[in-house]
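Structural characterization, general
Given next are the chains, with one letter for each unit.
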Amino acid sequence: MRIFLAEKGVEVPEIRIGMMQGGHRSPEHLARNSLGQVPVLELDDGTTISETIAICRYFEVLHPDPPLFGVSALEQAQIEMWTRRMEFRLMVPIGMFWRHAHPLTARLLKQNVEFGESNREVVEKGQLWLDRELSDGRPYLTGDTYTIADIAGQTALDFADFTSLSTPAEAKHVLAWRERMAARPSASA
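Residues numbered from 1 in each chain as written. Predicted model: local features only at pLDDT ≥ 70, side-chain atom pairs only at ≥ 80, totals over all residues. Heavy atoms only, no water.

**A word on the UniProt feature "domain: GST N-terminal" (unreviewed entry) in the chain**
- In the numbering used here, UniProt assigns the "domain: GST N-terminal" (unreviewed entry) feature to residues 1-67.
- For residues 1-67, the end-to-end C-alpha separation is 15 Å, with 36% helix and 9% strand making up the annotated structure. (UniProt positions renumbered as here; feature names shortened; annotations may be inferred. Helix = DSSP H or I, 4+ residues; strand = E, 2+ residues; numbered from the N terminus.)

Here's what the structure looks like:
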């Protein structure tokens, strides 16, 4: 959310709920999102929107420039395709490793460590697949334009680093792409 909003030049008040302290399970937060997840956008009239991409789409309509979801039907479809690829090929197995094998979640959740560890290889294979895709020299996932797909990929791989699933050294195209993403002013948002 922070990267997307920074790219749009939009400022939104942020309320931190203290996830490590269980703020996501508080009655106030559960009233905003019954799943207890973040982020949640609460509008002035009390309406809430959760799920990062849904919130980003809301702001895309309100602030269409720069267009991070594309303009033409083809751009929108390609951006959606790449966003979904980043979610399913990278973020899901990273999340499964985090959920089932990382020591920080062991005290919070029942883990299936063998399953969690099996995702280590899935994440590495996903990054090597992405490396082959980026070997054509394009600067961004969908071509010459930075999009929500890049944000999804960037944040997934940043989270992978946090969970100790670093990008393999041989994935040179992914590493170069990650350097380009990290150099954007919005990356430090």
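**A closer look at the domain arrangement of the chain**
- Annotation of the chain at the domain level lists domain 1 (1-62) and domain 2 (73-183).
- Between domain 1 and domain 2, the contact holds seven residues from the first and nine residues from the second.
- Between domain 1 and domain 2 lies a buried interface of about 650 Å² when both sides are counted; carbon and sulfur atoms form 70% of it.
- For domain 1, the biggest contributors to the area lost against domain 2 are Ile3, Met20 and Ile53; these three give 61% of the whole.
- Counting every contact that joins domain 1 to domain 2 gives one salt bridge.
- Here domain 1 is connected to domain 2 by one residue pair in polar contact (both at pLDDT 80 or more).
- Those elements that place two or more of their residues in the side of domain 1 that touches domain 2 are helix 1 (2-8) and helix 3 (52-62).
- Its residues assigned to classes, the side of domain 1 that touches domain 2 shows five nonpolar, no polar and two charged. (Domains from an automatic or database assignment. Contact = heavy atoms within 4.5 Å. Buried area = accessible area lost by both parts, 1.4 Å probe. Salt bridge = Lys/Arg side-chain N within 4 Å of Asp/Glu carboxyl O. Polar contact = N/O pair within 3.5 Å; in protein donor to acceptor, adjacent residues only side chain to side chain. Nonpolar A, V, L, I, M, F, W, Y, C, P; charged D, E, K, R; others polar.)

**So, the nonpolar core**
- Counting 37 residues, the largest nonpolar core has Phe4, Met86, Leu130 and Leu141 as its most contacted members.
- Elements represented by at least two residues in this core include exactly helix 1, helix 3, helix 4 (73-101), helix 6 (113-133), helix 7 (148-162) and helix 8 (172-183).
- Here this core gathers at least three residues from each of two domains, domain 1 (1-62) and domain 2 (73-183).
- With near-sequence residues (within four places) excluded, Leu141 lies in contact with Trp82, Met86, Leu130, Leu134, Ala149, Asp150 and Trp177. (Core = buried A, V, L, I, M, F, W, Y, C linked by side-chain atoms within 4.5 Å. Buried < 20%, exposed > 50% of the residue type's maximum accessible area, 1.4 Å probe, protein only.)

**Some words on the side chain of Asp131**
- Tracing the chain through its elements places Asp131 in helix 6.
- No salt bridge is formed by the buried Asp131; the nearest opposite charge belongs to Arg132, separated by 7.2 Å. (Lys, Arg positive; Asp, Glu negative; His and termini not counted.)

**Remarks on unusual backbone geometry**
- Looking along the chain, the bond that leaves Val38 and enters Pro39 is cis, with omega of 5°.
- In this fold, Pro39 is placed in the loop between helix 2 (27-32) and strand 1 (40-42).
- Following Asp65, the chain continues into Pro66 via a peptide bond in cis, with omega recorded as -10°.
- Here Glu51, not a glycine, exhibits a phi torsion of approximately 80°, which is positive.
- The residue Glu51 is located in the loop between strand 2 (48-50) and helix 3 in this model.
- Of note, Ser164 is a non-glycine position whose phi angle comes to about 80°, a positive value.
- Residue placement: Ser164 occurs in the loop between helix 7 and helix 8.
- On the basis of relative accessibility, which here comes to 44%, the residue Ser164 falls in the partly exposed class.

**Details of the UniProt feature "domain: GST C-terminal" (unreviewed entry) in the chain**
- Within this structure's numbering, the places UniProt gives as "domain: GST C-terminal" (unreviewed entry) are residues 72-189.
- Secondary structure across residues 72-189 divides into 69% helix and 0% strand, with the first and last C-alpha atoms of the span separated by 28 Å.

**Topic: the pattern of salt bridges**
- A full pass over the atoms with the stated rule returns twelve salt bridges.
- For Asp136, the salt bridge identified is with Arg138, shortest N-O distance 3.1 Å.
- For Asp136, a relative accessible area of 52% gives the class exposed.
- Take Arg138: its relative accessible area is 17%, and that puts it in the buried class.
- It is possible to trace a salt-bridge network through shared partners that takes in Arg2, Glu14 and Arg16.

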